[in-house]
Amino acid sequence: MPAPIRLRELIRTIRTARTQAEEREMIQKECAAIRSSFREEDNTYRCRNVAKLLYMHMLGYPAHFGQLECLKLIASQKFTDKRIGYLGAMLLLDERQDVHLLMTNCIKNDLNHSTQYVQGLALCTLGCMGSSEMCRDLAGEVEKLLKTSNSYLRKKAALCAVHVIRKVPELMEMFLPATKNLLSEKNHGVLHTSVVLLTEMCERSPDMLTHFRKNEKLVPQLVRILKNLIMSGYSPEHDVSGISDPFLQVRILRLLRILGKSDDDSSEAMNDILAQVATNTETSKNVGNAILYETVLTIMDIKSESGLRVLAINILGRFLLNNDKNIRYVALTSLLKTVQTDHNAVQRHRSTIVDCLKDLDVSIKRRAMELSFALVNGNNIRGMMKELLYFLDSCDPEFKADCASGVFLAAEKYAPSKRWHIDTIMRVLTTAGSYVRDDSVPNLIQLITNSVEMHAYTVQRLYKALLDDISQQPLVQVASWCIGEYGDLLVSGQCEEEEPIQVTEDEVLDVLEGLLVSNLSTPVTRGYSLTAIMKLSTRFSSVNRIKKVVSIYGSSIDVELQQRAVEYNALFKKYDHMRPALLERMPIMEKTATNGPTEIVQTNGETESSDSKHMPSIAQPANQANDLLDLLGGHDVGPVIQTALPTKPASAGGELLDLLGDLSLSGGPAPSPTPSVTISQPPFLLDGLSSQPLFNDTAAGIPPMTAYNKNGLKIEFTFERSNPNPNISVITIHASNTTEADMTDFVFQAAVPKTFQLQLLSPSSNVVPALNQGNITQVIRVLNPQKQQLRMRIKLTYTYKGAPVQDLAEVNNFPPQSWQ
Amino acid sequence: MLFRNFKIIYRRYAGLYFCICVDVTDNNLAYLEGIHNFVEVLNEYFHNVCELDLVFNFYKVYTVVDEMFLAGEIRETSQTKVLKQLLMLQSLE
């Protein structure tokens, strides 16, 4: 059989192949030749054949029939054979092949070979693909090699040990004694690998970590080495662009990071050296930046002092100004991680971050956008929002949804004024309207209803936007809802904020009808506009036109639309007397926290949907409430109602109060709104409005007051104006105790004059701890529809030093803003 | 640049891309330097390396890799040392 062709020629011939098919043909021919050659057990050319096989394997062709041949090569004595054999083993064999175990013995022999290169080869192979069984068998040998004086081998042995530990963590202890001397090496290579080994050990096992921290005094050693590296000046061997052995520096920093995490002593020892590295490394090249980056990561993770952290964040800020995209990307990612903890420091770099929004690279833009949202706060909201809205205009579609949601959230939290808020939302809707999330429509509607004074302005702007463009569905939905609600304001042309426009009723109806027939409107939008038209029937005078429109849609194909139209029709025909009441302007909605149906707030302020779930820790018998009334005798007092009372409170009668009583007693499940004569909305008008969470605006600056201060017990009232209904004041009482003994079984009761209604929610606890260590809070809601001056009688009972104490007081000094 | 739970760090040299796959927690910039170091060694060893050199001598390239990286970590960073070893190994063949 002729000698098999040389590797070079094979490669050359394969590269000349023009098509896949040609190449495959050549390879198959060669594979056949190789296989027959293997069968002949020819030692001389085996090496060449296996090399060719490996090349074909790299190209992607199956080469498993060469595995046994690799083993034979390894067993041979020639170095070249061994080399190719081990290479083949590393490429072709891995844990999944059964053949690899046969290698174990060969490797063992080679590990004890006289030539260091053979030993090195064996270590390499073991380190690359050793399975757990192999590692277990050979770990002893590796450990022996760790202690040799040959630095070439020590390096390889150290990394091999790393691999062994990764595969078989239990063997870690075996390597422990060998590590003792590792760090006193002069040879950088060995030092480097030992640091890696130590890192691996510390990462794997917390016991090791504590061991190293305490016994070995590792940290000072590492600090010393690092210092030497920086100070030592020029060393040609390990120098990279003027910095001595950056790889070693980085690795040491990494190990320091692991050692210093949540450990104060180590962190302290490291502070100086970290500061030194941070300031002395030059940043003109990527190398310096790499070291600085690692330093920053380390500073962030250990318990460093705040000056150091600020330094780290400044370094990151400098990175942002760098031209290299990689560095900017890295800086933005790390800033994102740190913005939670070091908010103020990151704020300083806000303008740079905002500039990054304009970068061309997509991943940088995305990171910058996330970071900008994290940085928004009350002070910078206007400026930031301008930038973000500009970004929204010009960014790619995949960002728009996230950006729009982010803008909404930020605007909700930090809006400086209602008008600004509405303007911002309108801007988002007009620019990125089709990308906003579905639930933002009801949120927006709820927001608009809350800002009562802005209704005219809002509806005018929405109308104008609608005239321009009806393709963006969320905008159209919100606009049609508003026109339906506030159409009369639109037509009457009164608006303080802007130039009022003259709109006639017919024009408005034209627009709404246009929405109904347009192809751009989704079914949901059509539903919105039909409902809006219907609502206008009470607000406008041209009822006939509306009747006509509604009756046309009674035969629409869309079931939803048809149902609505039919019901509205029925409203016109049979229930015309109810129509004005039904289609009255919607009251301000409260957001509910549960996902149940929307609760429409009754003007007496009873929406108990979510919050009143907690069962009180105190059960007050009703007769105590009666006592209070008796004691207060001659005054006109209304009943005291406490939530979740098991017994009925004493009431002065009146159907409305019984209603309150029922509602408050039900406590657990959300009470459904009972249909009363004044306000009820038939369910189909609630379509499209999903539930919204509860929130209370803190009123601007109603000063808190001290209601009672006697015997060491101090009760303070703080006020909030309940946003959905301006007649409700929400008072939070804070009870604190300046004496040296606790006050237990603390109960707070209150009564108000008859024109008010009071509701007491459950307190946070019934123990007032001594010496102002804490306080009890309890929320009172007072309904004051007649805007009379608020007066209150309070009764306090508690147990102090074993003796029960009772006290009564009258509170008259409510600040005027709280009840006006 | 994110791939399952690893990161891919790459650098382009003329028509070739050298890629390294590392953990998410590792320092990107340091490994970029590692790539550069490796390419410089290749350059020295093959005397102005070009793509064909890498193709025809792939087993030698593997040797260089083994000298510089092992068990997934950087092993030797000094170019002079690596080159000395490689020349020794070559002489054994």
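Provided above is the structure to which this section pertains.
Please read these numbers as outputs of a predicted model, since none were measured by experiment.

What counts and how
Residues numbered from 1 in each chain as written. Chains lettered and ligands numbered in written order. Predicted model: local features only at pLDDT ≥ 70, side-chain atom pairs only at ≥ 80, totals over all residues. Heavy atoms only, no water. Helix = DSSP H or I, 4+ residues; strand = E, 2+ residues; numbered from the N terminus. Buried < 20%, exposed > 50% of the residue type's maximum accessible area, 1.4 Å probe, protein only. Contact = heavy atoms within 4.5 Å. Areas by Shrake-Rupley, 256 points an atom, 1.4 Å probe, with all protein chains shown as cover. Axes fitted to C-alpha atoms, helices over the stretch in contact; angles between N-to-C directions. Parallel < 35°, antiparallel > 145°, perpendicular 65-115°, else oblique. Left-handed = near helix turned anticlockwise from the far one by under 90°. Nonpolar A, V, L, I, M, F, W, Y, C, P; charged D, E, K, R; others polar. Salt bridge = Lys/Arg side-chain N within 4 Å of Asp/Glu carboxyl O. Polar contact = N/O pair within 3.5 Å; in protein donor to acceptor, adjacent residues only side chain to side chain. Pairing = 2+ DSSP bridges.

Asks: Please explain the overall build of chain A as it appears in this structure.
Replies: Within chain A one finds 34 helices and 10 strands. Expressed as a percentage of its 820 residues, the buried residues of chain A come to 53%. Of all intrachain contacts in chain A linking residues separated by at least 6 positions in sequence, the fraction that spans at least 24 positions is 69%. Carbon together with sulfur atoms contributes 51% to the accessible area of chain A, which is approximately 36400 Å² in total.

Asks: Before we go on, may I ask you to explain the packing of helix α5 (residues 79–92) of chain A against helix α6 (residues 103–111) of chain A in this structure?
Replies: Geometrically, a packed helix pair is captured by the angle between its two axes and the distance between the axes. All names here are of chain A. For the pair α5 and α6, interaxial distance at closest approach is 13 Å and the crossing angle is 135°. As judged from the angle between their axes, α5 and α6 are oblique. Relative to α6, the crossing made by α5 is left-handed. Residue-level contacts link Lys82, Tyr86 and Ala89 of α5 to Met103, Cys106, Ile107 and Asp110 of α6. When the residues that make up the contact of α5 with α6 are grouped by side-chain class, the tally is five nonpolar, no polar and two charged.

Asks: What is the right way to read the pattern of salt bridges from this model?
Replies: Opposite charge on two side chains permits pairing when their charged atoms draw close. Residue and element names in this part refer to chain A. Within the structure shown, the criterion is met by four salt bridges over all chains. Residue Lys52 is joined to Glu30 by a salt bridge in which the shortest nitrogen-to-oxygen separation is 3.2 Å. Separated by 22 residues along the polypeptide, Lys52 in helix α3 (residues 43–59) and Glu30 in helix α2 (residues 20–39) bring together distant segments of the chain. By the burial criterion, Lys52 is buried, and Glu30 matches it. Lys714 is the salt-bridge partner of Glu716, the closest N and O atoms lying 3.6 Å from each other. Owing to a relative accessible area of 27%, Glu716 belongs among the partly exposed residues under this scheme.

Asks: Whenever I open this one, the side chain of Thr531 of chain A confuses me. Can you help?
Replies: Residue and element names in this part refer to chain A. Structurally, the position occupied by Thr531 is in helix α29 (residues 523–539). For Thr531, the side chain forms a polar contact with the side chain of Arg564, separated by 2.6 Å. In this structure the side chain of Thr531 is engaged in a polar contact, spanning 3.2 Å, whose partner is the side chain of Tyr568.

Asks: When you look at the packing of helix α21 (residues 362–375) of chain A against helix α22 (residues 381–394) of chain A in this model, what are you seeing that I'm missing?
Replies: Residues and elements named next belong to chain A. Here α21 crosses α22 at 150°, and the two axes come no closer than 11 Å. Regarding the angle of α21 to α22, the classification is roughly antiparallel. As for the relative orientation of α21 and α22, their crossing is left-handed in sense. In this structure, α21 contributes Lys365, Met369, Ser372, Phe373 and Leu375 to the contact, and α22 contributes Met384, Leu388 and Phe391.

Asks: I'm lost on the environment of Val559 of chain A in this one. Help?
Replies: All names here are of chain A. Its location among the elements puts Val559 in helix α31 (residues 559–573). Overall, Val559 belongs to the exposed group, its relative accessible area being 61%. Separated by 36 residues in sequence, Val559 and Pro523 place their C-alpha atoms 9.9 Å apart.

Asks: Help me understand the sheet that holds strand β6 (residues 743–751) of chain A, please; the structure alone is not making it clear to me.
Replies: Two modes of strand pairing occur in sheets, parallel and antiparallel, and in both the strands are linked by backbone hydrogen bonds. Residues and elements named next belong to chain A. The strand order across the open sheet formed by three strands is β6-β9-β10, and the pairing between neighbours is antiparallel. Two strands in the sheet have a free side with no partner beyond their single neighbour: β6 and β10 (803–811). If you compare each strand with its neighbour and ignore which way they point, the axes differ by 15° on average. Inspection of the sheet shows β6 paired to strand β9 (residues 792–800) by seven bridges, in the antiparallel sense. Across the sheet, Gln749 pairs through a bridge with Lys795, a residue of β9.

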